[in-house]
Amino acid sequence: MDSVYIVCAAVLGILAVSMSLLYRKKGAAANVPDTGTECCGKHAVCEKKRLADAAVKAVVYFDDEELDRFAGRSSDSYSDEEIEEFRYVLYTMNQDETMEWLESLHTRSIELPDQLKDETYMMIGE
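Just so we're clear, the structure is a prediction, and the values are computed from it rather than from any experiment.

1. Overview of helix H5 (residues 114-125)
At step 1: Counted at 1.5 Å a residue, the expected span for H5 with its 12 residues is 16 Å, and the 18 Å between its end C-alpha atoms agrees.
At step 2: Buried within H5 we find Leu116, Thr120, Tyr121 and Met123. Buried residues along H5 cover an arc of 150° about the axis, so they all sit on one side.

In structure tokens, the structure reads:
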């Protein structure tokens, strides 16, 4: 049951950051409140702040520069071979870096393939 909450929180966070980026492009400032506390990773607000913070940080790569060619692609448009490229990176990094990798992909405008979303969010929850 906890994994369902984590998946929902991550999806909400990604949506929230996407919306804030759209507003930034239109000239409005992102409005993410600073709670001043450590993020426990179990609440949508924490994930929203973490992803929003990632949007303004420098890009961090996880030996996955080859994924940059997928920037701007829809999450449902990948071939099986392309999905395997994402899967390879996912399973060769340290599991505790998964959320940071998702932040990196988001910052680089790369959508995670739909077929990997459940797997990835389960890894975050473990």
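Next, the rest of the story.
2. Comments concerning the packing of aromatic side chains
At step 1: Here the structure, examined in full by the defined rule, presents three aromatic pairs.
At step 2: Members of the aromatic cluster, each reached through a chain of ring pairs, are Phe70, Tyr78 and Phe86.

3. Examining the packing of helix H3 (residues 80-92) against helix H4 (residues 98-107)
To describe two helices that pack against each other, one gives the angle between their axes and the distance between the axes.
At step 1: Interhelical geometry of H3 versus H4 gives an angle of 140° and a closest axis separation of 10 Å. What the angle tells us is that H3 and H4 run oblique. H4 is crossed by H3, and the crossing has right-handed handedness. Contacts between H3 and H4 involve Phe86, Val89 and Leu90 on the former and, on the latter, Thr98, Trp101 and Leu105.

4. Thoughts on the pattern of salt bridges
At step 1: A full pass over the atoms with the stated rule returns seven salt bridges.
At step 2: Between Glu82 and Arg73 there is a salt bridge, with the nearest N and O atoms lying 2.8 Å from each other.
At step 3: With its nearest N and O atoms 2.4 Å apart, the salt bridge here joins Glu84 to Arg87. Highlighted residues: Glu84 and Arg87, both in helix H3, separated by three residues, approximately one helical turn.
At step 4: Through salt bridges that share partners, Asp64, Asp68 and Arg108 make up one connected network.

5. So, the nonpolar core
At step 1: Counting residues in hydrophobic clusters, the biggest one holds 18 residues, and the most contacted among them are Leu67, Phe86, Trp101, Leu102, Leu105, Ile110 and Leu112.
At step 2: Elements supplying a minimum of two residues to this core: H3, H4 and H5.
At step 3: Once residues within four sequence positions are removed from consideration, Trp101 is found in contact with Phe62, Asp64, Leu67, Phe86, Val89, Leu90, Met93 and Leu112.

Scoring rules and cut-offs
Residues numbered from 1 in each chain as written. Predicted model: local features only at pLDDT ≥ 70, side-chain atom pairs only at ≥ 80, totals over all residues. Heavy atoms only, no water. Helix = DSSP H or I, 4+ residues; strand = E, 2+ residues; numbered from the N terminus. Expected span 1.5 Å × (residues − 1). Buried < 20%, exposed > 50% of the residue type's maximum accessible area, 1.4 Å probe, protein only. Arc of directions from axis to C-beta. Phe/Tyr/Trp six-rings, centres within 6.5 Å; stacked < 30°, edge-to-face > 60°. Axes fitted to C-alpha atoms, helices over the stretch in contact; angles between N-to-C directions. Parallel < 35°, antiparallel > 145°, perpendicular 65-115°, else oblique. Left-handed = near helix turned anticlockwise from the far one by under 90°. Contact = heavy atoms within 4.5 Å. Salt bridge = Lys/Arg side-chain N within 4 Å of Asp/Glu carboxyl O. Core = buried A, V, L, I, M, F, W, Y, C linked by side-chain atoms within 4.5 Å.

Purely geometric stuff here, so don't read any function into it on its own.
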